[in-house]
Amino acid sequence: MSLVKKRKLEHLDICAKQDVEEGSTWLEHVRFVHNSLTSVNLNEVDTKTKLLGKELRAPLVISAMTGGVDEAGKINKELASVAEELGIGFGVGSQRAMIETPELWKTYYVRDEAPSTLILGNIGAVNNYTTNQVEDTMKKIKADAMCIHLNPAQELAQPEGDVDFSGCLKNIKEAAKALPVVAKETGNGLSKENALLLKSAGVKAIDVGGYGGTSWVKVEKLRNGASHTPIDWGIPTAASIIECQVGLPIIATGGIRSGLDVAKAIALGADAAGVALPVLRWYYEGGKVRVKENLEEWIKELKDVMVLTNSSNIAELKRTDIVVSGPLLEWCNERGVKQRKHI
Ligand SMILES: Cc1cc2nc3c(=O)[nH]c(=O)nc-3n(C[C@H](O)[C@H](O)[C@H](O)COP(=O)(O)O)c2cc1C
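I will try to describe carefully the structure that is included in this document.

Conventions and cut-offs
- Residues numbered from 1 in each chain as written.
- Predicted model: local features only at pLDDT ≥ 70, side-chain atom pairs only at ≥ 80, totals over all residues.
- Heavy atoms only, no water.
- Axes fitted to C-alpha atoms, helices over the stretch in contact; angles between N-to-C directions.
- Helix = DSSP H or I, 4+ residues; strand = E, 2+ residues; numbered from the N terminus.
- Parallel < 35°, antiparallel > 145°, perpendicular 65-115°, else oblique.
- Contact = heavy atoms within 4.5 Å.
- Nonpolar A, V, L, I, M, F, W, Y, C, P; charged D, E, K, R; others polar.
- Near = heavy atom within 4 Å.
- Polar contact = N/O pair within 3.5 Å; in protein donor to acceptor, adjacent residues only side chain to side chain.
- Areas by Shrake-Rupley, 256 points an atom, 1.4 Å probe, with all protein chains shown as cover.
- Core = buried A, V, L, I, M, F, W, Y, C linked by side-chain atoms within 4.5 Å.
- Buried < 20%, exposed > 50% of the residue type's maximum accessible area, 1.4 Å probe, protein only.
- Salt bridge = Lys/Arg side-chain N within 4 Å of Asp/Glu carboxyl O.
- Phe/Tyr/Trp six-rings, centres within 6.5 Å; stacked < 30°, edge-to-face > 60°.
- Pairing = 2+ DSSP bridges.

1. Looking at the packing of helix 2 (residues 70-86) against helix 11 (residues 277-308)
Stage number 1. For the pair helix 2 and helix 11, interaxial distance at closest approach is 9 Å and the crossing angle is 10°. Classified by the angle between their axes, helix 2 and helix 11 sit roughly parallel to one another. Across from E71, K74, I75, E78, L79, S81, V82, E85 and L86 in helix 2, the residues of helix 11 making contact are V279, Y283, Y284, K288, V291, K292, L295 and E296.
Stage number 2. Looking at side-chain class alone, the contact of helix 2 with helix 11 contains 9 nonpolar, 1 polar and 7 charged residues.

2. Notes on the site of the ligand
Stage number 1. Around the ligand, the surrounding shell holds 24 residues, and the nearest of these are A64, S94, T214, G255 and R257.
Stage number 2. In this structure, R257 approaches the ligand through a side-chain N or O atom, which is 2.7 Å from an oxygen atom.
Stage number 3. Surface burial for the ligand is 97%, taken as the share of its 600 Å² of free accessible area covered by protein chains.
Stage number 4. At the level of elements, helix 1 (3-17), strand 8 (181-185) and helix 11 are the ones that each hand at least two residues to the shell around the ligand.
Stage number 5. Of the residues in the shell around the ligand, the class split is 9 nonpolar, 11 polar and 4 charged.

3. Here we look at the packing of helix 1 against helix 8 (residues 216-224)
Stage number 1. Direction vectors running N to C along helix 1 and helix 8 enclose 105°, while the axes themselves pass 10 Å from each other. The pairing of helix 1 with helix 8 is recorded here as roughly perpendicular in orientation. For the pair helix 1 and helix 8, contact is made by R7, E10, H11, I14 and C15 and by W216, V219, E220, L222 and R223, respectively.
Stage number 2. Among the residues making up the contact of helix 1 with helix 8, the classes are represented as 5 nonpolar, 1 polar and 4 charged.

4. With respect to the nonpolar core
Stage number 1. Ranked by internal contacts, the top residues of the largest apolar core, which has 101 residues, are I62, L79, I172, I206, L268, L295 and L328.
Stage number 2. If you tally residues by element for this core, the top one is helix 11, at 13 residues.
Stage number 3. Once you skip the residues sitting within four places of it in the chain, I206 turns out to touch V182, A183, L190, A195, C244, V246, L248, P249, I250 and I251.
Stage number 4. L120, A145, V182 and I251 belong to the second largest nonpolar core, which has 11 residues in total.

5. With respect to the environment of C168
Stage number 1. Topologically, C168 is positioned in helix 6 (residues 168-178).
Stage number 2. In this structure C168 comes out as buried when scored by relative accessible area, which is 9%.

6. Observations concerning the environment of V182
Stage number 1. The topology assignment puts V182 in strand 8.
Stage number 2. Sequence separation between V182 and I148 is 34 residues; the distance between their C-alpha atoms is 6.1 Å.
Stage number 3. If we ignore the near neighbours within four places in the chain, the residues touching V182 are L52, L120, A145, M146, C147, I148, A205, I206, D207 and I251.

7. Comments concerning the pattern of salt bridges
Between side chains of opposite charge, pairing is possible as soon as their charged atoms come close.
Stage number 1. Enumeration over the complete set of coordinates arrives at 24 salt bridges.
Stage number 2. Between E160 and R7 there is a salt bridge, with its nearest N and O atoms 3.0 Å apart. Of this pair, E160 sits in the loop between helix 5 (152-157) and helix 6 while R7 sits in helix 1, and the two are 153 residues apart along the sequence.
Stage number 3. Between R111 and D144 there is a salt bridge, with the nearest N and O atoms lying 2.9 Å from each other. Of the two residues, R111 sits in the loop between helix 3 (96-100) and strand 6 (119-124) while D144 sits in the loop between helix 4 (131-140) and strand 7 (145-150), which places them 33 residues apart along the sequence.

8. Brief notes about the packing of aromatic side chains
Stage number 1. One pass over the structure, following the stated rule, counts 4 aromatic pairs.
Stage number 2. Judged by centre distance (5.9 Å) and plane angle (75°), the rings of W26 and W331 are edge-to-face. A residue pair is termed long-range when its members are at least 10 positions apart, and W26 in the loop between helix 1 and strand 1 (30-32) and W331 in helix 13 (residues 326-335) qualify at 305 residues.
Stage number 3. Between W105 and Y109, the aromatic rings sit 5.5 Å apart at their centres with planes inclined by 70°, giving edge-to-face as the arrangement.

9. Re the sheet that holds strand 11 (residues 272-275)
Stage number 1. Read around the barrel, 8 strands follow the order 4-5-6-7-8-9-10-11 and close on themselves; strand pairing throughout is parallel. Averaged over all neighbouring strand pairs, the angle between strand axes comes to 25°, with direction disregarded.
Stage number 2. Relative to strand 6, strand 5 (residues 89-91) runs parallel, the two being bridged by 2 bridges. Paired with F90 across the two strands is I119, which belongs to strand 6.
Stage number 3. Docked against the sheet, helix 2 engages strand 4 (60-62) and strand 5, running at close to 165° with respect to strand 5.

10. Overview of unusual backbone geometry
Stage number 1. Even without being a glycine, N128 presents a positive backbone phi close to 55°.
Stage number 2. Of the residues examined, N128 reaches a relative accessible area of 45% and is grouped as partly exposed.
Stage number 3. For K142, which is not glycine, the phi dihedral falls at a positive 55°.
Stage number 4. You can see K142 is positioned in the loop between helix 4 and strand 7.

Any functional reading would require information beyond the geometric quantities listed.
Structure representation (structure tokens):
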């Protein structure tokens, strides 16, 4: 079995069974202003939104996790069918395995299960594939856009990691000339300076992949023992959403764990929230049925929050008042960054 395949299986196993989360998203330092005089009818709350040209029935994306082995192919197909049923987005895991072994494309192909879903392909910026390779990889699985992931902390924590990051921005820039690119962190967050560079590189959206959820440094430490990369490292998701307000659509991934978290991410300036680890665990507990039930619970909670903030649709939720406090407020002051609605 190739190293890439072996690593994929180990990642799934460690993430399913061990404590792989670290730190805090700082979403606990965001509070809505409760509105007792709400005039919104719960039955008419509209959670629809548009992302990368496709309509989502709720502002949610199942984030990139897997592909490249048979077991992963089954997981991708079942999770994508849940995304189709709920009208939310779906991202496949890194397609590196299928560039190395082309017949593995089937383990990422979910278009038949999810004909109308926003499907995101995935590849690492550090892998230095040509734009043609990246474009073929996206087209082969009929994805709508390509996530190009940035994961320097994870690569550093892997004994076999790619540690030459000198081509990453150039690779993104080249790809963005030919196809719709989403620049995506994987758990350490993106800063305002990063977001501005990515915007000028031509990306169509940013997935902040903030700190406070799954920690890939921790996963790699569990897999390999020693590594010198600090685990407590990264920009918490709430701070990263605020940092990345540069006029591009934002997906807020990293430690999103409830419908309330989704609502907070949107009120901070995200256009959709992404979730990975909980979905994997629900899947292993109770298959696609459990995944669907739990995501439906999140959407119900999001709707309740919308009623309690007098928001009848996502545009209104984005404008609703929140109070930011504690370290998140200090971070914003120190960094000179503000929520989108206050710019
Ligand atoms: C098992 C697993 C595999 C992942 N594989 C990828 C990947 O191949 N490419 C990628 O961009 N992100 C990958 N991620 C990162 C997630 O897409 C997400 O950014 C990160 O886990 C933070 O979200 P969470 O806290 O909800 O898990 C993976 C996450 C998990 C849990």
